[in-house]
Amino acid sequence: MKEHLARLIELQKIESAAGRIHTKRKNLPVQMKMLEEEFNLFCECVETQREQVESVRKHRQEKDAQLQSGQETLKRTRERLFEVKKNKEYQSMLKEIEIFEGKNSQTEDEVIALLDELERLETALKTKEEELEIRRRGYEEERKKIEEEMNALAGDLDGCVRKSEELRNDIPAELLRKYEQIKGVGRGVAVVAAWKEVCGGCHMSLPPQLYNELQKTTALITCPNCSRIIYWENRNG
Ligand SMILES: [Zn+2]
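My aim in this report is to walk through the structure given alongside it, one point at a time. (Residues numbered from 1 in each chain as written. Predicted model: local features only at pLDDT ≥ 70, side-chain atom pairs only at ≥ 80, totals over all residues. Heavy atoms only, no water.)

## Re the sheet that holds strand 1 (residues 191-195)
The strand order across the open sheet built from four strands is 2-1-4-3, with neighbouring strands paired in mixed fashion. Strands at the two margins of the open sheet, each flanked by one partner only, are strand 2 (198-199) and strand 3 (221-222). Sheet topology note: the strand 1/strand 2 ladder contains two bridges and is antiparallel. Residue pairing for strand 2: alanine 194 is matched across the bridge by cysteine 199. Contacting strand 1 and strand 4 (229-232), helix 1 (residues 2-81) crosses the sheet at an angle of about 105° to strand 4. (Pairing = 2+ DSSP bridges. Helix = DSSP H or I, 4+ residues; strand = E, 2+ residues; numbered from the N terminus. Contact = heavy atoms within 4.5 Å. Axes fitted to C-alpha atoms, helices over the stretch in contact; angles between N-to-C directions.)

Below is the structure:
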């Protein structure tokens, strides 16, 4: 029985370890997704800034074209001024020229303001793009790390499954059934250590007599409270 108990203890340790690996493996894809979302959000932010720069650039080109056409109109009007014979017509044309000049000057101011804005936005975009590259490298490194960890965990889990199968082959079927049954009601834990008269599974006190017996016997003893198989673990050693 002593040997069987030792195997049961080992089996429990391996299966608990496998359970922890399972939990980690479940968490890693969540971590990966969070990482991805964070990076994508930043990419979108940079993309929005890029679009903004593009839109201001386009606006500036339009204003440039508007200014050019305004200047041509002004030039043509000035040329026509020499052909005018009547004074009244001449005066009205001068007024027209004045209006054109005013409009062109306003467009010029707008072009200058757009150039300023464009320069500011382009500088900000450049900084953001540099940060994006740094983040991209960090993101890819982190991704790789998670992928490697997933592979390592898969390997560890395979190891656990193999060991657990080996152990199970050396444990009598009747005992294994009992182990599985307790595991089923004990939230996956059937074998626990007891120390200082306390059950390591339910953390309740054990009767002193039972605790004494546990330290001497090789028989299978279960916790009167949680029904798990208990074994004495000398933590002073
Ligand atoms: Zn217990």
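## Quick word on the pairing of strand 1
Counting buried positions over the five residues of strand 1 gives five, a clear majority of the element. Across the two faces of strand 1 the burial is the same, with Val191, Ala193 and Trp195 and Val192 and Ala194 all buried. Sheet topology places strand 1 next to strand 4; four bridges connect them, and they run parallel. Looking across to strand 4, one finds that valine 191 is bridged to isoleucine 229. (Buried < 20%, exposed > 50% of the residue type's maximum accessible area, 1.4 Å probe, protein only.)

## A word on the coordination of the zinc ion
Four donors placed tetrahedrally about a metal ideally form angles of 109.5 degrees, and six donors placed octahedrally ideally form angles of 90 or 180 degrees. Coordination sphere of the zinc ion, protein contribution only: Cys199 (SG), Cys202 (SG), Cys223 (SG) and Cys226 (SG), at 2.3 Å. Around the zinc ion sit four donor atoms; with metal-centred angles ranging over 106 to 114°, the donor geometry is tetrahedral. (Donors = N, O, S within 2.8 Å, 3.2 Å for Na, K, Ca; no water. Tetrahedral: all angles 85-135°; square planar, octahedral: opposite > 155°, others 65-115°.)

## Let's talk about unusual backbone geometry
Of note, the phi angle at glutamate 197 is positive, near 65°, even though the residue is not glycine. Here glutamate 197 shows up in the loop between strand 1 and strand 2. The phi dihedral of serine 227 falls on the positive side, at around 70°, and the residue is not glycine. Tracing the chain through its elements places serine 227 in the loop between strand 3 and strand 4.

## Quick look at the pattern of salt bridges
Where charged atoms from two side chains of opposite charge approach closely, those side chains can pair. For the structure shown, the criterion picks out 20 salt bridges. For arginine 78, the salt bridge is made with glutamate 101, and the minimal N-O distance between the two is 2.5 Å. Note that arginine 78 is positioned in helix 1 and glutamate 101 in helix 2 (residues 87-169), a separation of 23 residues in sequence. Classification of glutamate 101 as partly exposed rests on a relative accessible area of 34%. Each of the salt bridges in this network shares a partner with another, and the network as a whole consists of Glu15, Arg168, Glu180 and Lys183. (Salt bridge = Lys/Arg side-chain N within 4 Å of Asp/Glu carboxyl O.)

## Things to note about the packing of helix 1 against helix 2
Following both chains from N to C, one finds helix 1 and helix 2 inclined at 165°, their axes separated by 5 Å at the closest point. Comparing the axis directions of helix 1 and helix 2 gives the class roughly antiparallel. Of the two elements, helix 1 crosses helix 2, and the hand of that crossing is left-handed. Of the residues belonging to the contact of helix 1 with helix 2, the class tally is 40 nonpolar, 13 polar and 32 charged. (Parallel < 35°, antiparallel > 145°, perpendicular 65-115°, else oblique. Left-handed = near helix turned anticlockwise from the far one by under 90°. Nonpolar A, V, L, I, M, F, W, Y, C, P; charged D, E, K, R; others polar.)

## Here's the deal with the side chain of arginine 228
In this fold, arginine 228 is placed in the loop between strand 3 and strand 4. Although arginine 228 lies buried, it forms no salt bridge, and the closest oppositely charged side chain, glutamate 15, sits 12 Å away as judged by the N-O distance. Apart from the residues lying within four places of it in its own chain, the contact partners of arginine 228 are Ile182, Gly186, Arg187, Val189, Ala190, Val192, Gly201, Cys202, Ile221, Thr222 and Cys223. (Lys, Arg positive; Asp, Glu negative; His and termini not counted.)

## Looking at the pairing of strand 4
Of the strand pairs in this sheet, strand 3 and strand 4 are connected by two bridges, and their pairing is antiparallel. Following the sheet pairing, isoleucine 221 is matched in strand 4 by isoleucine 230. Adjacent in sequence and paired antiparallel, strand 3 and strand 4 are bridged by six residues, among which serine 227 carries a positive phi angle near 70°.

## Structural notes on the packing of aromatic side chains
Counted according to the given criterion, the structure contains two aromatic pairs. Ring geometry for phenylalanine 39 and tyrosine 139: centres 4.5 Å apart, planes at 10°, overall stacked. With phenylalanine 39 in helix 1 and tyrosine 139 in helix 2, the pair connects residues that are 100 residues apart, well separated along the chain. Look at phenylalanine 39 and you get buried, because its relative accessible area is 10%. Judged by relative accessible area, which is 12%, tyrosine 139 ranks as buried. Seen from their ring centres, tryptophan 195 and tryptophan 232 are 6.2 Å apart, and the 35° between their planes marks the pair as tilted. You can see tryptophan 195 sitting in strand 1 and its partner tryptophan 232 sitting in strand 4, a full 37 residues away along the chain. Sitting over the ring of phenylalanine 42, arginine 135 keeps its end group 4.0 Å from the ring centre. (Phe/Tyr/Trp six-rings, centres within 6.5 Å; stacked < 30°, edge-to-face > 60°. Lys NZ or Arg CZ within 6 Å of the ring centre and 35° of its normal.)

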